[in-house]
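Okay, here's what each chain looks like letter by letter:
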Amino acid sequence: MTRKTHHQKSPDDRTTFFSEFRSPPASMLRVKQIAPVSTQYAGDASPGPIDGVHIVTHKNRWSRVALKFHDIEPGAWCEFSFQISWHPDEQARNIHDFAALGISFLASDGSDIDFTHVPGLARAQIDPYSDYIPGPAYLERSADHAGSSRVRFCFLAPAPARQLLIAVRSWRNTHAFQINSVVLRQFAQPDSADPASADETTTPSQAEIDASLRVPYNWKTLQSEPVWFRYALVQGRPLSVRGQMLVTNAEHEGGLARVVFRDAEGELISPPYPDTLMVPAIGAFINIPASTQARRFTLDLAPPAHAATVELGFQAKRYDAPLQLIVPLEVSLPDELLLENIWSEEVPGATGFLELLAKQLHLAPGNKSSAQSDLLNQLLDREALVSPLLIHRRLRVLQRGERSQAASDHLRLGAFPTWPLPSDPNWDEDPFRSPSWRLEFQSLSWLLDLAGSENSDSLAHALRLALSWSASNQCGQPADGLSVHPLPLAARAEALLELLSKSLKSEAKVAPGTLLALLGEVVRHCFALSQIISQNVFSHSVYQLHAASALFVLARAIPRVPLSSHWSSIALAHLRDGFDELIGPDGALNEPSQHYRLEIISLGLILTAVLEYVPEAQEFRQTITSRLQTAILTAIALTDPAGMLPPFGDAPPGLHHASWLKRLIATYGQGLASNRSIKKALSYPRGPRTFALPNTGVIVARHYEPGQEWGYFAAAISEQRARHGHDDCTSFVYSSGGVRWITDPGGAREFETGPVRQYIAASRAHNVAIPDGREQTAGVAWLRSTTVLGGVNIFEVVSTVNGPDYHHRRIFACARDLDAIAVFDHFETSDRPISVAGLLHFEPEVTTTLFNPQLIMGFRDQKKLRITPRAIIGRLAGVEIVHGSNERPSSVQGFVSRRPGTLEPAGALRYALAGQRSVCGGVIMAASEESLKAITRILETPKLDDLLKRSSED
């Protein structure tokens, strides 16, 4: 592979500031533009014909151009943009991952920093963090006549990063593409409420910092007292622990890791230990010097004979020189105990895998005539399998009730129609062309419904199907690639474990070969789960919790397998880290999807219940209990009177959240139900209520009286572009008179493909305002102010999701009884023309009629909704209603997603505003003439008029 490096000719001029003294004085946009200091090419990528042009070939994953940037402002948001031109014969036009963006964060000395989470980006393996560039079909809306378009990516540069390495990488393109006009800008929204943000730098305000990191990084500050970690060992095998320490400068003395080995009884094995140092005051330790600011380390531990556990205590060498330890740590066994190194094509199948593992672990071989029975007796603990913990079956019951998914000859998975179950599946079936259905199918959870039917042959049928799946999914050769996704992997692991348990308790004798094959699959799934969580690819994700929970359950059920204690210890460690990452000490959830927030809460409460009698889990239970109490109180408060959570972020269809919550509290939250605040929330208090807590990421207002028509309003202000997020920051939903008027398209992005996937996550699918045709990017929003005027609640929200060219505020005004609301957007930019498109999406059952540019009516049954556009600064520039428009993938509009894989046409209202340098305007919505007049009077008061017109300078 050839690699070419180009350096910029004028490094002293590589940073340009555009702030008050560079852009027009009225703008006040605080932006810093940074040019690359060097450019590298690899995989046949090359410079273009003129300076600043880069050509990336179709050598997928390897062809790339990498640009390095210095002088990064830590803690500020970045926008990386460029012009991309594609080949006229490009075949990969309709895919979401046409090319990839890979980003590395570096300290000021150039050392790599391993952040576990970066807002706006996803963890990856080829590059540390990444995002995808969609295919030309999704860019054509903004393309010029030459077949090129400008693409923009926003992400946070977390402290203490001071340099960036950004690669534009070939991914699935079939021809070379070209990029040029590369620009990196950092920016911060001015906040008049924060005096510290009034300077000319790109240092964000405290409100923006809090919004960007609602749940702080799960780092451990190391001082002179150690921070301890405990791991179980595999007898006679080394253990590797990898991590990173951050110091303020390379002259820092660094840290050390104390090492304590204990035997199976918990008794200390006295040092010295191999490959460690020894000081009487602290015992055995391993030195971790700080040669760079971000110091990666690997501790290769060689346990003494009879060691069962190791305890590692990380600390700074001096009390006055603290440092940061980045967690979670990566813990791994030697290569010979990796799944791919145990499996052999010469000895296929789950039974063969178990036999190879027994050989690798030097287990005593049995007689040839009884080898399988002997191995089964060695590895199977029948008592431990009587009542396995089973997290995922419990979660499914909470979500869906006791509804059965399977009968002997058919399946009904999720929201899909009934499907005839083949007697001998190929295990690559996809009858509904839906990733969502495939994930459910590959989970094999439905086998438990099959095994639990009254038919005496039902268990045998379920076992035949389980073994059929096993035979069709050899290691590294899945029949369906989605079967290795963490969700079906975790659920399937527990389903196979429960089948093994049922087989042992069955009156009909199950053959030893079948039991051994089931046990082999359970053990194989343990290896896969442990490798997934140890790599930390799914950190800051509910997927990590699913995988760690399943591994813990499996490991506890097979205590005779020599790796079980090790698996149990790393699963518990990752559960601790996972909940620390996703739920802050104040109960704030770092997850944009309300659906997955409730799933995280449910997993937490299930775990606190099933781990009650597990001694090593008691500290974990105590830590998360109070957090879960706050989180579930918030979830109850946010449900609407019909029992649904706000549909922001991924919102899989077919679930009723209030029923889910009731089952959760009744089954696992009896202690919480006695809490006064939760008890009051469960009673669903009457009258008007508002919830505008900054750490929820949602603003909610509701009006409820039993037997009367209800009203509900919710707006999203959470971090955008996380794993389950949509581009819906500042979007809202609205119901009045018991009717859902303004809705969200719903759907779950990760369970869709093609145009459906791209549409449901795009800004144009949500109730947002889009300036100059630029859809939202990653970013945050925060609640700047709240006030009440004449019984109307006013919420002022500031956002960064429109990038560095705009200062944006959205103001919501909600009548106390929610018979009327108003939504206004204020955009400021440099001294140039600006146009803004506001969007409202209606339920399919709502009929919308455009009477004139000043009045749009919505009708549902006998109810009416009056919608009046209004310009405060600038002018109205048109109104239109779109219904089911899908002429091209980049401009799909007017649909909702009520079933996976499909879009249902629905009305969407688009209102336009235009002006010079700034615009302010929006819509008033009212259920009656009286409520329309009442809220209009409030909007015309001097105080609210001043808020709407207020400049970023004020």
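Within an unreviewed UniProt entry, the label attached to the chain reads Heparinase II/III family protein, and the organism entered is Microvirga alba. In its Subcellular location (unreviewed entry) section, the UniProt record describing the chain reads: "Periplasm".

S.K.: Where do I start with the pairing of strand β38 (residues 847-852) in this structure?
M.R.: Successive side chains on a regular strand alternate, one facing one side of the sheet and the next facing the other. With five bridges connecting them, β38 and strand β39 (residues 855-860) associate as antiparallel partners. Within β39, the residue paired with T848 across the bridge is G858. What sits between β38 and β39 in their antiparallel hairpin is a turn of two residues.

S.K.: How should the sheet that holds strand β26 (residues 410-411) be read in this particular structure?
M.R.: The strand order β25-β26-β27 describes an open sheet built from three strands, whose pairing is antiparallel. With one partner strand each, in any of the chains shown, β25 (406-407) and β27 (419-420) form the two edges of the open sheet.

S.K.: Any chance you could explain helix α10 (residues 512-535) here in plain terms?
M.R.: An α-helical turn contains 3.6 residues, so any two residues separated by three or four positions project in the same direction. Across its 24 residues, α10 extends 35 Å between first and last C-alpha, which sits within 8% of the 34 Å expected from 1.5 Å per residue. Burial runs high along α10: 21 of the 24 residues are buried. In the segment just after α10, N536 is the residue with positive phi, at about 60°.

S.K.: Looking at this structure, how should I read the sheet that holds strand β30 (residues 711-716)?
M.R.: Pairing between the strands of a sheet comes from backbone hydrogen bonds, and it takes one of two forms, parallel or antiparallel. On the basis of which strands lie adjacent, the open sheet formed by five strands has the order β28-β29-β30-β31-β32 and antiparallel pairing. Among the strands making up the open sheet, the edge pair consists of β28 (687-691) and β32 (739-742). Averaged over all pairs of adjacent strands, the angle between strand axes in this sheet comes to 10°, irrespective of strand direction.

S.K.: Any chance you could explain the side chain of N173 here in plain terms?
M.R.: Checked against the element boundaries, N173 lands in the loop between β13 (163-170) and β14 (177-188). Side chain to side chain, N173 and S170 meet in a polar contact 2.8 Å long. If we skip the residues at most four places from it in the chain, N173 touches T57, H58, N60, E90, A92 and F98.

S.K.: What's the story with unusual backbone geometry in this structure? I'm lost.
M.R.: Trans peptide bonds make up the majority, and among non-glycine residues the majority have a negative phi. Omega for the peptide link from P271 to P272 comes to 15°, which places this bond in the cis form. Mapped onto the elements, P272 comes out in the loop between β19 (268-269) and β20 (277-279). In this structure, the amide linkage connecting V327 to the following residue, P328, adopts the cis form with an omega of 10°. As for its position among the elements, P328 is in strand β24 (residues 323-332). Its identity is not glycine, yet S181 carries a phi of approximately 55°, on the positive side. Topologically, S181 is positioned in strand β14. Owing to a relative accessible area of 41%, S181 belongs among the partly exposed residues under this scheme. Phi angles above zero are rare outside glycine, and R433 is one such case at about 50°. Within the secondary structure layout, R433 lies in the loop between β27 and α6 (435-443).

S.K.: Mind showing me how you'd approach the packing of aromatic side chains here?
M.R.: Pairs of aromatic rings are described using the distance from one ring centre to the other and the angle between the two planes. Following the criterion strictly, the structure yields 31 aromatic pairs and no others. Between F82 and F153, the aromatic rings sit 6.5 Å apart at their centres with planes inclined by 25°, giving stacked as the arrangement. Of this pair, F82 sits in strand β8 (residues 76-85) while F153 sits in strand β12 (residues 148-157), placing them 71 residues apart in sequence. Between F115 and W219, the aromatic rings sit 5.9 Å apart at their centres with planes inclined by 15°, giving stacked as the arrangement.

S.K.: What am I meant to see in helix α15 (residues 657-668) here?
M.R.: The end-to-end C-alpha distance of α15, which contains 12 residues, comes to 16 Å, matching closely the 16 Å that a straight helix rising 1.5 Å per residue would cover. Turning to α15, its buried residues are H657, A658, W660, L661, L664, I665 and Y668. Taken around the axis of α15, the buried residues stretch over an arc of 160°, which confines them to a single face. Exposed and oriented more than 90 degrees from the buried face of α15 are K662 and A666. The inward-facing, buried residues of α15 abut α5 (391-400), α13 (594-610), α14 (618-638), α16 (670-673) and α17 (676-682).

S.K.: What exactly am I supposed to notice about the packing of α10 against helix α11 (residues 542-557) here?
M.R.: Packed helices, taken two at a time, are described by the angle between their axes plus the distance between the axes. As a packed pair, α10 and α11 sit with axes 9 Å apart at the nearest point and diverge in direction by 140°. Taken together, the axes of α10 and α11 lie oblique to each other. Relative to α11, α10 is oriented so that their crossing is left-handed. In this structure, α10 contributes V522, H525, C526, L529, S530, I532 and I533 to the contact, and α11 contributes Q544, A547, A548, A550, L551 and L554. Counted by class, the contact of α10 with α11 contains 10 nonpolar, three polar and no charged residues.

S.K.: Honestly, the pattern of salt bridges in this entry has me stumped. Any pointers?
M.R.: Once their charged atoms are close, side chains differing in charge can pair, the charge on each being opposite to the other. According to the stated counting rule, one finds 35 salt bridges in the structure shown. K59 is the partner of D44 in a salt bridge, and the nearest nitrogen-oxygen pair spans 2.9 Å. Residue D44 is found in the loop between β4 (38-42) and β5 (46-47), and its partner K59 is found in the loop between β6 (54-56) and β7 (64-69); the two are separated by 15 residues along the sequence. Taking relative accessible area as the criterion, D44 reaches 43% and is therefore assigned partly exposed. Two residues, D945 and K949, come together in a salt bridge whose shortest N-O distance is 3.3 Å. Of this pair, D945 and K949 both sit in helix α20 (residues 942-949), four residues apart, which is roughly one turn of that helix. Given a relative accessible area of 25%, D945 falls into the partly exposed group. A network of salt bridges, in which partner residues are shared, links E79, R152, R185, R774 and D805.

S.K.: Looking at this structure, I do not really get the packing of α10 against helix α12 (residues 564-582). What am I missing?
M.R.: Their axes nearest at 10 Å, the elements α10 and α12 cross at an angle of 40°. Regarding the angle of α10 to α12, the classification is oblique. The element α10 and its partner α12 pack so that their crossing is left-handed. Mapping the contact onto sequence places V523, C526, F527, S530, I533 and S534 in α10 and W567, I570, A571 and H574 in α12. Its residues placed into classes, the contact of α10 with α12 shows seven nonpolar, three polar and no charged.

S.K.: Just checking my understanding: could you explain the confidence of the model for the chain for this structure?
M.R.: The predicted structure's coordinates, where accompanied by low pLDDT, should not be read in detail. Across the chain, pLDDT averages 89, with 92% of residues at or above 70. With pLDDT under 50 throughout, residues 1-28 is counted as low confidence; its partners more than four residues away or in other chains account for 70 contacts.

S.K.: Explain the state of the cysteines here, please?
M.R.: Defined simply, a disulfide is a covalent bond joining two cysteines at their sulfur atoms. Per the stated rule, a full pass over the model turns up zero disulfides. C920 carries a free sulfur, and the closest cysteine sulfur to it, the one in C814, is 16 Å from it. Of the residues examined, C920 reaches a relative accessible area of 0% and is grouped as buried.

S.K.: How do you make sense of the environment of I699 when you look at a structure like this?
M.R.: By the secondary structure assignment, I699 is in strand β29 (residues 698-704). Put simply, I699 and I924 are 225 residues apart on the chain and 18 Å apart in space, counted from C-alpha to C-alpha. Filtering out sequence-adjacent residues up to four positions away, I699 remains in contact with F691, A692, F713, A714, A715, I717, L783, F795 and V797.

S.K.: Explain the pairing of strand β40 (residues 863-873) here, please?
M.R.: Two elements, β39 and β40, share five bridges in a ladder whose sense is antiparallel. Each bridged residue has a counterpart across the sheet, and for I856 the counterpart in β40 is I867. Hairpin geometry of β39 and β40 is characterised by an intervening segment of two residues between the two adjacent antiparallel strands and by a positive phi of about 55° at D861. Relative to strand β44 (residues 907-926), β40 runs antiparallel, the two sharing seven bridges. The residue of β44 that forms the bridge with R870 is G922.

Cut-offs and rules
- Residues numbered from 1 in each chain as written.
- Predicted model: local features only at pLDDT ≥ 70, side-chain atom pairs only at ≥ 80, totals over all residues.
- Heavy atoms only, no water.
- UniProt positions renumbered as here; feature names shortened; annotations may be inferred.
- Pairing = 2+ DSSP bridges.
- Helix = DSSP H or I, 4+ residues; strand = E, 2+ residues; numbered from the N terminus.
- Expected span 1.5 Å × (residues − 1).
- Buried < 20%, exposed > 50% of the residue type's maximum accessible area, 1.4 Å probe, protein only.
- Axes fitted to C-alpha atoms, helices over the stretch in contact; angles between N-to-C directions.
- Polar contact = N/O pair within 3.5 Å; in protein donor to acceptor, adjacent residues only side chain to side chain.
- Contact = heavy atoms within 4.5 Å.
- Phe/Tyr/Trp six-rings, centres within 6.5 Å; stacked < 30°, edge-to-face > 60°.
- Arc of directions from axis to C-beta.
- Parallel < 35°, antiparallel > 145°, perpendicular 65-115°, else oblique.
- Left-handed = near helix turned anticlockwise from the far one by under 90°.
- Nonpolar A, V, L, I, M, F, W, Y, C, P; charged D, E, K, R; others polar.
- Salt bridge = Lys/Arg side-chain N within 4 Å of Asp/Glu carboxyl O.
- pLDDT = per-residue confidence, 0-100.
- Disulfide = S-S within 2.5 Å.

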